[in-house]
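Spelled out from the first residue to the last, the chains are:
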Amino acid sequence: MADDSKPVYLRLREIIAASILDGEFSDGDLLPSVRAFAATQGANPLTVAKAYQSFQDDGLVLVKRGVGMFVADGATRRLREMERAHFIDTVWPPVAAQIRRLGIRLDDLDLAKA
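Per chain, residues are indexed from 1 in the order of the written sequence. Reporting in this predicted model follows two pLDDT cut-offs: at least 70 for local features of residues, and 80 or more for side-chain atom pairs to be given and counted; totals over whole chains, interfaces and linings ignore these cut-offs and use all residues. The side-chain values count all of the structure's non-hydrogen atoms but skip hydrogen atoms and water molecules.

Caption draft 1: Local environment of the packing of helix α1 (residues 8-21) against helix α3 (residues 45-57). Geometry is summarised by axes, namely lines fitted to C-alpha atoms with helices restricted to the contacting stretch, and by angles between N-to-C directions that run from 0 to 180 degrees. Each helix corresponds to a stretch of at least 4 residues labelled H or I by DSSP, and each strand to a stretch of at least 2 residues labelled E; elements are numbered beginning at the N terminus. Look at α1 against α3: their axes get within 8 Å of each other, and the N-to-C directions meet at 60°. Here α1 is positioned oblique relative to α3, judged by the angle of their axes. Judged by the sense of rotation from one axis to the other, the crossing of α1 with α3 is right-handed. Listed contacts from α3 to V8, Y9, L12, R13, I16 and A17 of α1 are T47, V48, K50, A51, Y52, S54 and F55. Asp, Glu, Lys and Arg are counted as charged, while Ala, Val, Leu, Ile, Met, Phe, Trp, Tyr, Cys and Pro are counted as nonpolar; the rest, among them Gly, fall into the polar class. In terms of residue class, the contact of α1 with α3 is made up of nine nonpolar, two polar and two charged. Every angle not falling under 35 degrees, over 145, or within 65 to 115 is termed oblique; those three ranges are roughly parallel, roughly antiparallel and roughly perpendicular. Note on convention: the crossing is left-handed when the near helix lies turned anticlockwise from the far helix by less than a right angle, right-handed when the turn is clockwise. Residues count as neighbours in contact if any of their non-hydrogen atoms are within 4.5 Å of one another.

Laid out in structure tokens, this is it:
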């Protein structure tokens, strides 16, 4: 879910992470250039560079000078583990509380549509 209160580089990071987790980019794949991604997102290239740098800092992407930025080997697995832990620790507790508060049952949820 997009959160407009988040800094733009974090929202861009979420878009990139979703693309990796959804299989649009696999381990070893070349990511769009900073300028190309900035153009498609309507973002400042420096902001995109900051988002990419955060992935590099986490070891999820590798830079090959003069060639581009690539999804690191094992990045998809590590990113999924990181995102899963964040969801369970941060996102799920208030959702679970709201479910209990509203009396929603599992059969009320159409998980097939999710």
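Caption draft 2: Broad picture of the pattern of salt bridges. The salt bridge criterion pairs a side-chain nitrogen of Lys or Arg with a carboxyl oxygen of Asp or Glu, the two atoms within 4 Å. Applying the stated rule across the entire model yields five salt bridges. Residues E81 and R77 are paired through a salt bridge, measuring 3.3 Å at the closest nitrogen-oxygen approach. Taken together, the residues E81 and R77, both in helix α4 (residues 75-102) and four residues apart, mark about one turn of the helix. When a residue's accessible area, from a 1.4 Å probe over protein chains only, is under 20% of the maximum for its type it is buried; when over 50% it is exposed; and in between it is partly exposed. Classification of R77 as partly exposed rests on a relative accessible area of 48%. Taken together, the shared-partner salt bridges in this structure form one network comprising R105, D107 and D108.

Caption draft 3: Focus on the pairing of strand β2 (residues 68-71). Paired strands are those between which DSSP finds at least two bridges. Pairing between strand β1 (residues 61-64) and β2: four bridges, direction antiparallel. Along β2, the bridge assignment pairs K64 with G68. Hairpin connection, β1 to β2: the antiparallel pair is bridged by three residues, and G66 has positive phi, about 80°.

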